[in-house]
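For reference, the chains in residue letters:
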Amino acid sequence: MSKRRPTLVPLILSLLLSACGSSGMSLDEYAQWFTDLTDEANERATTGIGPQGGVLFATGEQLAAFTPGDLHTSLKQVGEIEAWVLGEAAKVDPPDGAAGLHDYFFSDTYTAAREGLAARAATTDDWQELSDSAEMAAYRDAVAGDRQTCLDMQAMIDGTAVAESLSETVFIPRQMQEVVEAALGCERFPADPQAMLRP
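Rules used throughout
Residues numbered from 1 in each chain as written. Predicted model: local features only at pLDDT ≥ 70, side-chain atom pairs only at ≥ 80, totals over all residues. Heavy atoms only, no water. Helix = DSSP H or I, 4+ residues; strand = E, 2+ residues; numbered from the N terminus. Buried < 20%, exposed > 50% of the residue type's maximum accessible area, 1.4 Å probe, protein only. Contact = heavy atoms within 4.5 Å. Areas by Shrake-Rupley, 256 points an atom, 1.4 Å probe, with all protein chains shown as cover. Polar contact = N/O pair within 3.5 Å; in protein donor to acceptor, adjacent residues only side chain to side chain. Disulfide = S-S within 2.5 Å. Phe/Tyr/Trp six-rings, centres within 6.5 Å; stacked < 30°, edge-to-face > 60°. Lys NZ or Arg CZ within 6 Å of the ring centre and 35° of its normal. Expected span 1.5 Å × (residues − 1). Arc of directions from axis to C-beta.

Caption draft 1: Representation of the overall build of the chain within the structure. Counting secondary structure elements, the chain contains 9 helices and 0 strands. Helices and strands in the chain line up, N terminus first, as α-α-α-α-α-α-α-α-α. Taken over 199 residues, the chain has a buried fraction of 49%. Excluding contacts between residues fewer than 6 apart, the proportion of contacts in the chain whose partners are at least 24 apart in sequence is 76%. Carbon and sulfur atoms form 49% of the exposed surface of the chain, whose accessible area is close to 8800 Å².

Listed below in structure tokens is the structure:
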């Protein structure tokens, strides 16, 4: 499994985090940084994504209230918040016990799919055409992968079985379990990402 960060579409909204460059952090200090960044990012998502943001997980008849242009705008707004989050994360030197977790959360594997779909959505007014595009397929796959990663990390916190590739990559320190669980928000992912944005 490739490293993925639960993404900004609620998955991104779940993990979006606030601010201050630091080095030599203890695990407790890192946990507080993580919490503060999450709170700030969620606030930015609340104020920075307009009312058309409901399009991000719309499907079927719900799409009649939106246009592909709305999707383009919303994905661009998501991208601005995501860029801020990754920028803040790059300023931090996490403690050894959280280094793998930090790298795992703040990878940018979702970015290419989001940017690709945003660009494609700007070229058409037809939901069916957009739904059938390669860019949409890549986006759905990215969200599905992030959802599965979120579920795997929740399983790790719960002490149930997880994919070997995840357990070898990520260790969740005791001090981080509560804040990571609060940030995950796996229930905010669509149950079937492959049904997203289908007219």
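Caption draft 2: Spatial organisation of the environment of T123. If you trace the backbone, T123 turns up in the loop between α5 (111–121) and α6 (127–131). Considered as a pair, T123 and H72 are 51 residues apart in the sequence and their alpha carbons are 9.4 Å apart. Only 2.6 Å separates the side chain of T123 from the side chain of R120, close enough to count as a polar contact.

Caption draft 3: Region of interest: the state of the cysteines. Here the structure, examined in full by the defined rule, presents 1 disulfide. Between the sulfur atoms of C150 and its disulfide partner C186 the distance amounts to 2.1 Å. Torsion about the S-S bond of the C150 and C186 cystine: about -100°, corresponding to left-handed handedness. Of the two residues, C150 sits in helix α7 (residues 134–158) while C186 sits in the segment after α9 (174–184), which places them 36 residues apart along the sequence.

Caption draft 4: A look at the packing of aromatic side chains. Within the structure shown, the criterion is met by 5 aromatic pairs. Measuring from centroid to centroid gives 6.0 Å for Y110 and Y139, while their planes differ by 50°, and the two rings are tilted. Of this pair, Y110 sits in the loop between α4 (99–105) and α5 while Y139 is found in helix α7, placing the two residues 29 residues apart along the sequence. Like Y139, Y110 is buried. Through a chain of ring-to-ring contacts, three or more aromatic side chains come together here, namely Y30, W33, F34 and F106. The residue whose ring lies beneath R44 is W84, and the NZ or CZ to ring-centre distance is 3.9 Å.

Caption draft 5: The arrangement of helix α2 (residues 27–48) in detail. Across its 22 residues, α2 extends 31 Å between first and last C-alpha, which sits within 8% of the 32 Å expected from 1.5 Å per residue. By the burial criterion, the buried members of α2 are Y30, A31, W33, F34, L37, T38, A41 and A45. Take α2 and look down its axis: the buried residues cluster within an arc of 155°, on one side only. Turned more than 90 degrees away from the buried face of α2 sit D28, T46 and T47, all of them exposed.

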